[in-house]
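Residues per chain are reported as follows:
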Amino acid sequence: MPIPVLLVLLLSSSTVFAAPPPAGATRAADDWKVLSLMMDKDRNGKLTRQEALSFNPQPAQLVARDFAAIDANNDSVVTKKEYTDFIDKGRSNWVAEFNKADTDKSGGLSRDELKATKPGEFAQIKRAFAKFDSDSNGQVSIAERDNYFKLAAGQRAARMATARDSRSRLKAPPPAAPD
Ligand SMILES: [Ca+2]
Ligand SMILES: [Ca+2]
Ligand SMILES: [Ca+2]
């Protein structure tokens with residue numbers, strides 16, 4: 001089929017059959033509902049910068065990405081129990097892998113112990129070993145790993161805030177020239 005015909009068909013079918021996109025105001029109102037449900041910790045109907053910064057979007061991304069795996073009974077909805085079970089299972093699988101890799105049972109993974117694991121396993125620790133090993137004892141413990149991710153999430157939020165600030169500074173009108 002020549003491209004112009006296809007294009008006309010696509011254009012006309014989308015105009016005729018597709019529902020009109022939600023008006024900006026409706027979308028914004030829907031977004032706000034979700035934002036306030038997720039971030040408004042003190043439930044006062046307003047968001048502070050601190051609330052926005054401390055919000056972790058990862059769980060939402062995880063549910064979107066691994067929905068089928070989390071929905072254990074396959075009824076197309078995810079319940080609190082399914083979610084917490086999924087997280088608990090993931091965590092205990094990871095801890096089991098960690099303990100298996102910790103061959104000298106020191107409570108931490110050394111570079112040598114990591115080298116003996118499969119390439120995809122503990123990939124982030126392998127890539128940034130020194131950053132994870134915060135007490136520099138040559139091993140990464142579970143607590144060090146947890147702490148690293150907690151810090152990384154905080155830094156990410158702070159970086160985003162800084163980027164936003166510099167963007168809005170750029171957009172600000174230049175100071176009026178003195179007359
Ligand atoms: Ca379910
Ligand atoms: Ca060890
Ligand atoms: Ca260490």
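Keep in mind the model is a prediction, meaning the values are calculated, not measured. (Residues numbered from 1 in each chain as written. Chains lettered and ligands numbered in written order. Predicted model: local features only at pLDDT ≥ 70, side-chain atom pairs only at ≥ 80, totals over all residues.)

Caption draft 1: Just the overall build of the chain, in detail. The number of helices and strands found in the chain is 10 helices and two strands. Along the chain, helices (α) and strands (β) appear in the sequence α-α-α-α-α-α-β-α-α-α-β-α when read from the amino end. Per-residue burial for the chain yields a buried fraction of 6% across its 179 residues. A sequence separation of at least 24 residues applies to 22% of the contacts in the chain between residues at least 6 apart. (Helix = DSSP H or I, 4+ residues; strand = E, 2+ residues; numbered from the N terminus. Buried ≥ 20, exposed ≤ 12 C-beta atoms within 10 Å, placed from the backbone. Contact = placed C-beta atoms within 7 Å.)

Caption draft 2: Summary view of the nonpolar core. With six residues, the main nonpolar core is built from Phe98, Leu109, Phe122, Ile125, Phe132 and Val140. Apart from the residues within four sequence positions on either side, Ile125 is in contact with Leu109, Leu114, Phe132, Val140 and Arg145. (Core = buried A, V, L, I, M, F, W, Y, C linked by C-beta atoms within 7 Å.)

Caption draft 3: Local environment of unusual backbone geometry. Here the phi dihedral of Asn74 falls at roughly 60°; this positive angle occurs in a residue that is not glycine. The exposure class assigned to Asn74 is exposed, which follows from the 7 C-beta atoms found within 10 Å.

Caption draft 4: Representation of helix H2 (residues 24-39) within the structure. The terminal C-alpha atoms of H2, which comprises 16 residues, lie 22 Å apart, in line with the 22 Å expected from a rise of 1.5 Å per residue. Among the 16 residues in H2, zero count as buried, and that is only a small part of the element. (Expected span 1.5 Å × (residues − 1).)

Caption draft 5: Quick peek at the confidence of the model for the chain. Across the chain, the average pLDDT comes to 85, with 82% of residues at 70 or higher. Predicted confidence is poor over residues 5-16, with pLDDT under 50, and the contacts of this stretch with residues over four places away or in other chains come to one contact. (pLDDT = per-residue confidence, 0-100.)

Caption draft 6: Just the environment of Arg49, in detail. Among the structural elements, Arg49 can be located in helix H3 (residues 49-54). Look at Arg49 and you get exposed, because 9 C-beta atoms sit within 10 Å. For the pair Arg49 and Ala161, spaced 112 residues apart in sequence, the C-alpha to C-alpha distance is 8.9 Å.

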